[in-house]
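Analysis of the macromolecular model
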Amino acid sequence: VYGGVFDQNSPHSDTRGLRIDVAEAIRALNPPVIRWPGGCFASSYHWRDGIGGEREPVFHQSWRVGEPNSFGTDEFLRFCALVGAEPYICTNAGTGTIEEMSAWVEYCNLDGTGTWARRRAANGFAEPHRVRYWSIGNENYGSWEIGAKSAAEWASFVRESAKAMRAVDPSIELFAASTPDIDWNLELLREAGEYLDWISVHAYWDPLWETNNPASYEGCMALSRSIPQTIERTEHILGALGLLGKIKIAIDEWNLRGWHHPHRWSATKDYRTPRNLNDINSTYTMADAVFTASFLNESLRHCTTVRMTNFSPLVNVRGLIYAHRDGIVLRPAYHVFSLYAEQMAGEVVDAWVNANPGFTVTSESGETAVPAIDAAATVDRSEGRLHLAVVNRHPNQAVEVSIEVRGAHAAPVARLHRIEAPSADSYNDVDAPSVVAPRREELRALAPGRFGLAAAPHSVSVLDVDLAAGIR
Ligand code: AHR
């Protein structure tokens, strides 16, 4: 948030401190939802410190930094309105209380009858903000989280918090911090499942918390092979409990790269300066772009159960956007999000890949076979268009992809959007912001419904096909 979304001293900010250049780049992603204030940050955040005229800076335990409180609930909701996203608030189930959580719902959603609704009105917001998405806690299963709880403690805490929050606004959609562990979910869903609409799980694949040694391109491609099981483990747990389809899955924090914040609880080591290593833009390469597209494709394939995924974080650290004093850098994965947001709309349809060439990644943990091509498709019936996303994970070989459209008549000329780069390790930076940028061209059919796509190594392509004469 500070120095990214919000910077009262930046020439790029509006009169209330929101970075307009950052907001415009985010708006271009057409984000349906943005989650705040954290992450671990939420587990020691007291929302009442961040409202009203006088904001007292505090020490924030989760990240052991100063929190000026100049960006609070009303600033977040204004930011969401500016970028066109629905807000999703993650409450403090660490050091927070059930009363504090339900009062936050009151501040945001109740009309003038309650204490905190009156306070909102006094702060200039007579109308309720109507925040729809609310999470109870963040990773309260983990020892790293302030206010971590046992499965039994968590289940009853979620149940009682949910009751209090729903008492204020029964229409909210409630999430609870979860993890793909059967014991954790058995307790949670037996005790509190009736109050929950979602479970929230997180996924980071390149574990850089303590040591900042980003995995190579090939290493990231090997990591991409575990994306399906990350999703399926949660699906199977819900299935075992008969809740698949009743409780939705939100992967509401995910990123190829884990954040870097070493020695977080150390009394002797420097725990703050190393966090600047997250800002090295050369870390974020075509590996991030190809992995991100692979994850989004997998999410599309699981769209009946995975109903929300939130890249984490949005700006700076490991984010899609790097904000600096003079402007912003759009990292490679930003362009994947931008392309998918623009193209991959509508209804997910089946896409098959046959005769997929592959490659093998050899690492300390052995050999991993990686299929080169990954594809996902959507149709927009109202516009009569098919969008086919094709990822080539291969580090150094192009793949001739023969595309066959079935079940509809494809127009003879399609539009092709490519995200490619000279090297698997290409990246964007302050002095070279467009090494990785989308290119647009036309692609003529080889025959009715058949296209030939030369998928470059380490690339993401989206084919945009007009479907003449409707879709069967
Ligand atoms: O490393 C960042 C942290 O990862 C997020 O704050 C938390 O939710 C997750 O453990």
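Residues numbered from 1 in each chain as written. Predicted model: local features only at pLDDT ≥ 70, side-chain atom pairs only at ≥ 80, totals over all residues. Heavy atoms only, no water.

1. Some thoughts on unusual backbone geometry
In this model, Trp 36 is joined to Pro 37 through a cis peptide bond whose omega is 5 degrees. The step from Gly 38 to Gly 39 runs through a cis peptide bond, and the omega angle for that step is 10 degrees. Positive phi, normally seen in glycine, also occurs at Asn 30, with a value near 50 degrees. Relative to the helices and strands, Asn 30 resides in the loop between helix H1 (20–27) and strand E1 (33–36). The phi dihedral of Arg 64 is positive, around 55 degrees, even though this residue is not glycine. One can find Arg 64 in the loop between strand E2 (58–60) and strand E3 (65–67). (Helix = DSSP H or I, 4+ residues; strand = E, 2+ residues; numbered from the N terminus.)

2. Quick word on the layout of surface pockets
Space inside the second largest pocket adds up to approximately 760 Å³. Taken together, 31 residues form the lining of the second largest pocket, with Asp 350, Ala 351, Trp 352, Glu 404 and Val 405 sitting closest to its centre. Going through the elements one at a time, strand E12 (347–349), strand E15 (373–380), strand E16 (385–392), strand E17 (399–404) and strand E22 (459–471) are the ones with two or more residues in the lining of the second largest pocket. No other element matches E17, which puts six residues into the lining of the second largest pocket. Along the lines of polarity and charge, the residues of the lining of the second largest pocket split into 20 nonpolar, four polar and seven charged. (1 Å grid on protein atoms, 1.4 Å probe; cavity = no way out; pocket = protein on both sides within 12 Å on 5 of 7 lines; lining within 4 Å. Points joined across faces, edges and corners; volume = space filled by probe spheres on them. Nonpolar A, V, L, I, M, F, W, Y, C, P; charged D, E, K, R; others polar.)

3. Side note on the site of the ligand
By nearness alone, every residue bordering the ligand is listed as Gly 39, Cys 40, Trp 63, Asn 138, Glu 139, Trp 144, His 202, Tyr 204, Trp 209, Glu 253, Trp 259 and His 261. Glu 139 places a side-chain nitrogen or oxygen 2.5 Å from an oxygen atom of the ligand. At 2.6 Å from an oxygen atom of the ligand is found a side-chain nitrogen or oxygen belonging to His 261. When the ligand is considered free in solution it has 290 Å² of accessible area, and contact with the protein chains removes 93% of it. Looking at the shell around the ligand residue by residue, the class counts come to six nonpolar, four polar and two charged. (Near = heavy atom within 4 Å. Polar contact = N/O pair within 3.5 Å; in protein donor to acceptor, adjacent residues only side chain to side chain. Areas by Shrake-Rupley, 256 points an atom, 1.4 Å probe, with all protein chains shown as cover.)

4. Examining the environment of Glu 253
Within the secondary structure layout, Glu 253 lies in strand E8 (residues 248–257). Along the sequence, Glu 253 and Met 308 sit 55 residues apart, while their C-alpha atoms lie 9.9 Å from each other. When residues no more than four places from it in sequence are discounted, the contact partners of Glu 253 are Arg 35, Gly 38, Gly 39, Asn 138, Glu 139, Val 201, His 202, Ala 203, Tyr 204, Asn 310 and Ser 312. (Contact = heavy atoms within 4.5 Å.)

5. Description of helix H5 (residues 151–168)
Over its 18 residues, H5 runs 26 Å from end to end, which matches the ideal 26 Å to within 8%, given 1.5 Å per residue. Among all positions of H5, only Trp 154, Ala 155, Phe 157, Val 158, Ser 161, Ala 162, Met 165, Arg 166 and Val 168 are buried. Buried residues of H5, seen end-on, are gathered within an arc of 165 degrees and therefore sit on one face of the element. Structurally, H5 contributes buried residues whose contacts are with strand E4 (86–91), helix H3 (98–109), strand E5 (133–136), strand E6 (173–177) and helix H6 (182–192). (Expected span 1.5 Å × (residues − 1). Buried < 20%, exposed > 50% of the residue type's maximum accessible area, 1.4 Å probe, protein only. Arc of directions from axis to C-beta.)

6. Observations concerning the pattern of salt bridges
Scanning the model with the defined rule gives 31 salt bridges in all. Close ionic contact of Asp 206 with Arg 257 constitutes a salt bridge, the shortest N to O distance being 2.9 Å. Of the two residues, Asp 206 is situated in strand E7 (residues 198–206) and Arg 257 in strand E8; the sequence distance between them amounts to 51 residues. In this structure, Asp 206 and Arg 257 share a single accessibility class: buried. Through salt bridges with shared partners, a single network forms among Glu 383, Arg 385, Arg 415, Asp 464 and Asp 466. (Salt bridge = Lys/Arg side-chain N within 4 Å of Asp/Glu carboxyl O.)

7. Considerations on the nonpolar core
Counting 104 residues, the largest nonpolar core has Trp 134, Ile 136, Leu 188 and Tyr 340 as the members making the most contacts within it. No other element matches the nine residues that helix H9 (residues 286–301) contributes to this core. Residues in contact with Tyr 340, not counting those within four places in the same chain, are Ala 293, Leu 296, Asn 297, Ala 389, Val 391, Val 460 and Val 462. Counting residues in hydrophobic clusters, the runner-up holds 23 residues, among them Ala 377, Val 405, Ala 408 and Ala 455. (Core = buried A, V, L, I, M, F, W, Y, C linked by side-chain atoms within 4.5 Å.)

8. Describing empty space enclosed by the protein
With the rule as written, the count across this model stands at one cavity of 30 Å³ or more. Quantified by volume, the largest cavity comes out at close to 60 Å³. As for the largest cavity, its lining consists of Asn 255, Tyr 284, Asp 288, Phe 311, Arg 318, Gly 319, Leu 320, Arg 331, Pro 332 and Ala 333. Tallied by class, the residues present in the lining of the largest cavity amount to five nonpolar, two polar and three charged.

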